[in-house]
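# Overview (structure and organization)
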Protein chains: 2
Amino acid sequence: MTDETPRAINGAESLVRTLVEGGVEVCFTNPGTSEMHFVAALDRVEGMRCVLFLFEGGATGAADGYARMADKPASTLLHLGPGLANGLANLHNAKKARTPVVNIVGEHATYHREYNAPLTSDIEGLAHPMSSWVRTGMSATEIGSDGAAAIAAARTAPGQVATLILPANTAWDPGTGPAPVPPIPERARASDDAIAAAVEALRSGEPVLLHLGDRAVRNEGRVIADRIARKTGAQLMAMTSNARIDRGAGTVPIERLPYPIDQGIAALKDFRHIILIGATPPVGFFAYPGKPSLLAPEGSTTITLATPEEDQIDALERLAEAVAAPPAEPVAVGPRPKLPTSGPLDQDTIGQVLGALIPEGAVICDESITTGRNFFALTRDAAPHTWLQLSGGSIGLGIPMATGAAVACPDRKVINLQADGSGLYTVQALWTQARERLDVVTLVWSNRSYAILRAELANVGALNPGPKALGMLSLDDPAVDWVSLARGFGVAGRRVETLPDFIAAFEHALANPGPHLIEVAL
Amino acid sequence: MTDETPRAINGAESLVRTLVEGGVEVCFTNPGTSEMHFVAALDRVEGMRCVLFLFEGGATGAADGYARMADKPASTLLHLGPGLANGLANLHNAKKARTPVVNIVGEHATYHREYNAPLTSDIEGLAHPMSSWVRTGMSATEIGSDGAAAIAAARTAPGQVATLILPANTAWDPGTGPAPVPPIPERARASDDAIAAAVEALRSGEPVLLHLGDRAVRNEGRVIADRIARKTGAQLMAMTSNARIDRGAGTVPIERLPYPIDQGIAALKDFRHIILIGATPPVGFFAYPGKPSLLAPEGSTTITLATPEEDQIDALERLAEAVAAPPAEPVAVGPRPKLPTSGPLDQDTIGQVLGALIPEGAVICDESITTGRNFFALTRDAAPHTWLQLSGGSIGLGIPMATGAAVACPDRKVINLQADGSGLYTVQALWTQARERLDVVTLVWSNRSYAILRAELANVGALNPGPKALGMLSLDDPAVDWVSLARGFGVAGRRVETLPDFIAAFEHALANPGPHLIEVAL
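Per an unreviewed UniProt entry, the recorded name for chain A is Acetolactate synthase-1/2/3 large subunit, and the organism is Methylobacterium fujisawaense. Comment text from UniProt for chain A, heading Sequence similarities (unreviewed entry), reads "Belongs to the TPP enzyme family."

In structure tokens, the structure reads:
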């Protein structure tokens, strides 16, 4: 700049500097007029990568995927109430996954709100249901410290969606520079009573389940849980949906509570004690007539060893010590699954291909829904990798989450296992993968239906559905052409209808960096 | 059915029958497990057309477009809090347009909510900001009357978004059959004081603006306002954004308040009195540093003749009588605009083509944003048609609104004037146009940028933007290929880069029923 007068820092720049100095280095965004000063500040502050999406659900889902892999929050930047609204479904998923997100929402200037301009809405009201912390900035001199408070809130264990609303004048008025992030509270320790209750259950001689979630389900926790299991005969099981599981060859294997209500009840029926370690009590994903909401068998006891907010690793260590668990043993590495050489292209052979071809260090984003029910088991002995799931049940996370994970992990291959109906909610995020040259392979399970709902019709007792009802579950008229959609967004795509073609296309995509999409005909 | 036992009607069927008997004949939906009983009831109740969308924002935007044309509400059917969240941005637009919508949101069974299953969220909290009426059903025996109350709320003038939350057990438990819709309150009459104040302004000899919105801006209101203007010298002006204007040859022409802040202030600067008839006070779409929020000149008076809730036609009639306005005169029909025969493909020639080719009775859904600033003037003398605008400023309405308008008006051609950046928010609604064989021509203005934000950067004083900021406004890397997107969703598409090609493609689309998309290179 040739202007020699020192330029006053404005609120937006104070906020962006606060974010960068607070470790928030990526902003996933779809901005509008009220956010232009934040956007302009990006060129005056080093260290913030700004990633554009065509739709806000892409930005919020990417913030979820990023933070699950980076173990620290990204920020979003959304445009007023409607922009926030478009991002809420994936913020719901982030909240349920306990992902830290610094969710920034632009707003009209404070003095303009009373005039009820077309884009005016109750942004705080919209934010509360999907946020654990909400604050509206009041002035440019405080917006830096507001941002610092948002970072602290987001990073408070186990991770929170923290929504900071940014009125336009708090961005353009003179600011006071970056603010330091206040201390993040440590995770609380599990109580001695909780340890004692778990010890008593483990010594009862009755069947015990160690139900793992949050940090306990990552391999560090599973190693300790496995020591306890070897000593006591307890079994390990993960929740149905998990924010992140690092798994594959050399890690402690773990199964998940099945999604279908009858299978879920059956999986738990023999346990007399369920010990929750970072997990929440097993409940039906939905209510079903005549079936219980709580899946634990009647007469069983449920013990909370450590909540998701508490230090689960510490609790597991203390429990292991209390039961005199043996030291950890290396996990035997079985043979790597073999590529199937023949057969139909179906859920089983696809799972076998995944088991054989998942490359070491891959990040798997799993929104397979019905198609993927066997994939977890069939990839147990695959090369070590990380598995991210849809945690809040709000479909449309896969493509955005894969995008954010790829931003967080540029050296790891990201593989998105994508149900077709779900992927269509936020398909626009493919464009961001192309724009950012991200190394993502999207495998679309093209069954051209909301297959899960066919089973759920019967599960909820809506029997003998007629043609109108079945029509609401069908996506085959017209058939969605994913290869064209991918091309439209700048991503190379291919449709495969046989097992050899799938293997060849997947191997090609794995070998060539950049985004690829494979529509797998089922 | 061979079962001879009379089948008990359940809550879902009670609700669907209530809707149909209450005149709600279309349901725009993306359902999930908790809505399966409602879906199943569709086959047992005659008279409800159910239209499936791949994303909820399509369903809510279609409900807006439908009701603007049908002058009665459709229903939606959305899946729990996240499904509602995905539909909120277009419900915001509907709320600002004062469109009646019966917005139905599935919910967990009442007894299941306390278990905090993954899809649990505060649905009422989400609904309130974008709804004027919210109720959660408590039992299957009351869900019919809840639905009837929702219809009445939606139809209460000037039109409201009424959200009915439908717990799964209120759908599957035994119901009591359809409930009658309670009486809809009449619109209130404007006060005599308001008439007197308007008369005084009109007799002051000072410049007066008749600012028209809601029903007053439709041709019925404009005819009366024109009588008043001819007597008093007052001028007519519509709001910047209008839910519906019936216009074209033979109707009373009207201009709109310009969107750009400086042009808006300039358009009002000479008026001493602004009389609001169904319009809200003119305010800046956004706040801009150093510019006023209220656009009326200082020292002017603003008089509310009739609010959007009041009977504007009655108020205009009374005002016309009070000033002894002359009777209505037929509007002189000018020559139909001529097709341009040469020139570049730009905003002016496109506007001329629209003026020449808009067919009689067409419904124009205008989400042109920057590209369309001249279209309104250039189509003033086109064949009679109806013009629908983005009313709440939440982009992504065009494709859904066109879809809903086409469902409401199967005998009218629907033409969607679509900015590219905006259209990408809800592009999935193209699939519904193909599935329902709707007669919609989508014209995409492909400038591959958020062009409006380039101007807004300067307007808000964010000068000298750097490459990162400008990058957030650019959609050219990769260039979105709209023809491929359309093909992916089953819609015939074509890209045109010259004026003759545009004319030929548009004429072809107008002559051939069914959905078409033309990507117009700018």
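After that view of the structure, there is still more to cover.
We now examine the UniProt feature "domain: Thiamine pyrophosphate enzyme TPP-binding" (unreviewed entry) in chain A. According to UniProt, the "domain: Thiamine pyrophosphate enzyme TPP-binding" (unreviewed entry) feature falls on residues 383–520 of chain A. Regarding residues 383–520 of chain A, the helix share stands at 41% and the strand share at 20%, and the terminal C-alpha atoms are separated by 23 Å.

Residue and element names in this part refer to chain A. In this model, helix H3 (residues 56–70) (15 residues) spans 21 Å end to end at C-alpha, consistent with the 21 Å of a helix rising 1.5 Å per residue. The buried count for H3 comes to 14 of 15 residues, which makes it a mostly enclosed element. Following H3 by one or two positions, Asp 71 adopts a phi angle in the positive range, close to 55 degrees.

This part covers the relation of the copies chain A and chain B. For the pair chain A and chain B, the superposition axis carries a translation of 0.0 Å, the fit reaches an RMSD of 0.0 Å, and the rotation angle comes to 180 degrees. The two molecules are tied by a two-fold rotation axis, judged by turn and shift. Looking at the interface residues of chain A, 100% of them are also at the interface in chain B, so both copies use one shared face.

A few words now on the domain arrangement of chain A. Residue and element names in this part refer to chain A. Domain annotation of chain A identifies domain 1 (11–172), domain 2 (203–322) and domain 3 (347–521). Taken over C-alpha atoms, the centre of domain 1 sits 34 Å from the centre of domain 2. Facing the seven residues of domain 1 at the interface are nine residues of domain 2. The contact between domain 1 and domain 2 buries some 700 Å² in all, and 41% of this surface belongs to carbon and sulfur atoms. Three residues stand out in domain 1 for area buried against domain 2, namely Arg 68, Arg 98 and Pro 158, and they jointly supply 60% of the buried area on that side. Joining domain 1 to domain 2, the criterion identifies three salt bridges. Asp 71 is paired through a salt bridge with Arg 215; the nearest N and O atoms lie 3.3 Å apart. Our enumeration of links across domain 1 and domain 2 arrives at five residue pairs in polar contact (both at pLDDT 80 or more). In terms of residue class, the side of domain 1 that touches domain 2 is made up of four nonpolar, no polar and three charged.

Moving on: the environment of Phe271(B). Residue and element names in this part refer to chain B. Note that Phe 271 resides in the loop between helix H10 (261–268) and strand S10 (273–277). Between the C-alpha atom of Phe 271 and that of Val 208, which follows or precedes it by 63 residues, the distance is 5.6 Å. Residues in contact with Phe 271, not counting those within four places in the same chain, are Pro 207, Val 208, Leu 209, Gln 235, Met 237, Pro 297 and Ser 300.

Here we come to the UniProt feature "domain: Thiamine pyrophosphate enzyme N-terminal TPP-binding" (unreviewed entry) in chain A. In this structure's numbering, the residues bearing the UniProt feature "domain: Thiamine pyrophosphate enzyme N-terminal TPP-binding" (unreviewed entry) are residues 10–114 of chain A. In this annotation, residues 10–114 of chain A is assigned 48% helix and 17% strand; the end-to-end C-alpha distance for the span is 24 Å.

Each value, and the rule that gives it
Residues numbered from 1 in each chain as written. Chains lettered and ligands numbered in written order. Predicted model: local features only at pLDDT ≥ 70, side-chain atom pairs only at ≥ 80, totals over all residues. Heavy atoms only, no water. UniProt positions renumbered as here; feature names shortened; annotations may be inferred. Helix = DSSP H or I, 4+ residues; strand = E, 2+ residues; numbered from the N terminus. Expected span 1.5 Å × (residues − 1). Buried < 20%, exposed > 50% of the residue type's maximum accessible area, 1.4 Å probe, protein only. Least-squares fit on C-alpha atoms with pLDDT ≥ 70 in both. Contact = heavy atoms within 4.5 Å. Domains from an automatic or database assignment. Buried area = accessible area lost by both parts, 1.4 Å probe. Salt bridge = Lys/Arg side-chain N within 4 Å of Asp/Glu carboxyl O. Polar contact = N/O pair within 3.5 Å; in protein donor to acceptor, adjacent residues only side chain to side chain. Nonpolar A, V, L, I, M, F, W, Y, C, P; charged D, E, K, R; others polar.

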